[in-house]
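Read off the chains here:
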Amino acid sequence: MKNLLLKTAIAFTLSAPAFAAGSHSGGHDEAKVDNHAADHAAMMLVGKPGTAEDVDRTVDVIMRETEDGQMIFEPASFDIKPGETIRFKVKNAGELEHEFVLDTIEQNVVHKALMAKMDMEHDDPNSIRLDAGGEGEVIWTFANEGTFEFACLMPGHYESGMHGPITVSMEMAPADMQMAQADVEYSTGKIKKIDAKAGKVTIIHGPLAKLDMPAMTMVFRADEEMIAKMSEGQDIEFVADRVKGKLTVTEMK
Ligand SMILES: [Cu+2]
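In this text the structure is predicted, and so the values were computed from the model without any measurement. (Residues numbered from 1 in each chain as written. Predicted model: local features only at pLDDT ≥ 70, side-chain atom pairs only at ≥ 80, totals over all residues.)

1. Remarks on the overall build of the protein
Of the regular secondary structure elements, the protein holds 6 helices and 15 strands. Across the 253 residues that make up the protein, the buried fraction comes to 26%. Contacts in the protein between residues at least 24 apart in sequence constitute 67% of all its contacts with a sequence separation of at least 6. (Helix = DSSP H or I, 4+ residues; strand = E, 2+ residues; numbered from the N terminus. Buried ≥ 20, exposed ≤ 12 C-beta atoms within 10 Å, placed from the backbone. Contact = placed C-beta atoms within 7 Å.)

Put into structure tokens, the structure is as follows:
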């Protein structure tokens, strides 16, 4: 997670002068040179075109019609972390032409209205259109937190089910959390009060490096299993993190 933050920070540092300096930015940085075509796209809220060497993970996306007349994407949603570069390997397993477009929900609404008037075939880096049986990919870097959308904007397809949310958030999925625990730092604390019913515990704690918080007394969330191991007045070593927006004790020893 730290790496990811660092990477995002570096990406911002690198791209900022490219904007400011215009056409001859990046002199000795070759990677910057071909980024020009992407300048427009780089300003999109949903992120910017990614490069193959930056791909953090590849996800398969299927587009198809269903027997009951729906049109769908599989999977139906994505959870992505800010700074992640994703290779969407898109396959049209249906019988109709479909497209896969990444954008804000607002932009998709606007774009969809235009598509209803005339069939525009785009070749933007945030989208791909595929004939029946076709396969292709979109490599995209999600720079900003927020909820975005992937959709097929061909007339009628969105309404038939071809859209889904993309959540870009620092919050960790449980699997990532376990991975991150290997190199996690424990903080010291003393349990002041336990409210098992509410799933809350008050801890007088030392600095929480990970959360960038000084020593103080705070209320944390903790699950039943964690609370069962706690008693008031106990000295503990623990790890706290934001889980669904709430400070939560995730580890204790
Ligand atoms: Cu479609």
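2. Some remarks on the environment of D79
Relative to the elements of secondary structure, D79 occurs in strand β4 (residues 78-80). Classification of D79 by C-beta neighbours within 10 Å gives partly exposed; the count is 15.

3. Observations regarding unusual backbone geometry
Here the amide bond leading from E74 into P75 is cis, since omega sits at 0 degrees, within 30 degrees of zero. Tracing the backbone shows P75 in the loop between β3 (71-74) and β4.

4. Side note on the sheet that holds β4
Reading across the sheet, the 5 strands line up as β4-β10-β9-β6-β7 and stay open at both edges, with mixed pairing between neighbours. Pairing within the sheet leaves two strands with one partner each, and these edge strands are β4 and β7 (127-130). Strand-to-strand, the axes of this sheet are offset by a mean angle of 20 degrees, without reference to chain direction. Taken together, the 3 bridges between strand β6 (residues 98-103) and strand β9 (residues 146-151) define a ladder with antiparallel strand orientation. Within β9, the position partnered with D103 by the bridge is E149. Running over the sheet, helix α4 (residues 105-117) touches β6 and β9 and is turned about 140 degrees from β6. (Pairing = 2+ DSSP bridges. Axes fitted to C-alpha atoms, helices over the stretch in contact; angles between N-to-C directions.)

5. Re α4
If you check α4, its first and last C-alpha atoms are 19 Å apart, about what 13 residues at 1.5 Å a residue would give, namely 18 Å. Along α4, the residues that are buried comprise N108, K112 and M115. Buried residues along α4 cover an arc of 60 degrees about the axis, so they all sit on one side. More than 90 degrees from the buried face of α4, the exposed residues found are E106, V110, A113, L114 and K117. (Expected span 1.5 Å × (residues − 1). Arc of directions from axis to C-beta.)

6. Points about the environment of T51
One can find T51 in the loop between β1 (48-49) and β2 (57-65). Its 13 C-beta neighbours within 10 Å are what place T51 among the partly exposed residues. Linking T51 and I86, residues 35 residues apart in sequence, is a C-alpha distance of 9.4 Å.

7. What about the pairing of strand β10 (residues 163-168)?
Sheet topology note: the β4/β10 ladder contains 3 bridges and is parallel. Bridged to I80 within β10 is V168. For β9 and β10, the ladder comprises 6 bridges, and the chain directions are antiparallel. Residue pairing in the sheet places G146 in a bridge with V168 of β10.

8. Describing the confidence of the model for the protein
Low pLDDT marks stretches whose predicted atomic positions should not be read closely. Averaged over all residues, the pLDDT of the protein is 82; the fraction at 70 or higher stands at 77%. Ranking the elements of the protein by mean pLDDT puts helix α1 (residues 2-21) last with 41 and strand β5 (residues 85-92) first with 98. Every residue in residues 1-39 is under pLDDT 50, and counting partners more than four places away or in other chains gives 19 contacts. (pLDDT = per-residue confidence, 0-100.)

9. Description of the nonpolar core
Within the largest apolar cluster, 29 residues are counted, with the highest numbers of intra-cluster contacts made by F100, L102 and C152. Excluding its chain neighbours within four sequence positions, the residues that come into contact with F100 are V61, M63, F88, V90, S127, I128, V138, F150 and C152. Counting residues in hydrophobic clusters, the runner-up holds 12 residues, among them I191, V201, A222 and V239. (Core = buried A, V, L, I, M, F, W, Y, C linked by C-beta atoms within 7 Å.)

10. Overview of the sheet that holds β2
Strand order in the open sheet made by the 5 strands is β1-β8-β5-β2-β3, with mixed pairing throughout. Single-partner strands in this sheet number two, and they are β1 and β3. Where β2 lies against β3, 4 bridges are found, and the strand directions are antiparallel. In the strand pairing of β3, E65 is matched with M71.

11. A look at the pairing of strand β15 (residues 246-252)
Each regular strand displays side chains that alternate between the two surfaces of the sheet. Here strand β14 (residues 235-243) runs beside β15; their pairing, made up of 6 bridges, is antiparallel. What sits directly across from D241, in β15, is T248. Remark: 2 residues form the turn of the hairpin made by β14 and β15, two consecutive strands paired antiparallel; K244 in that turn has positive phi of roughly 50 degrees.

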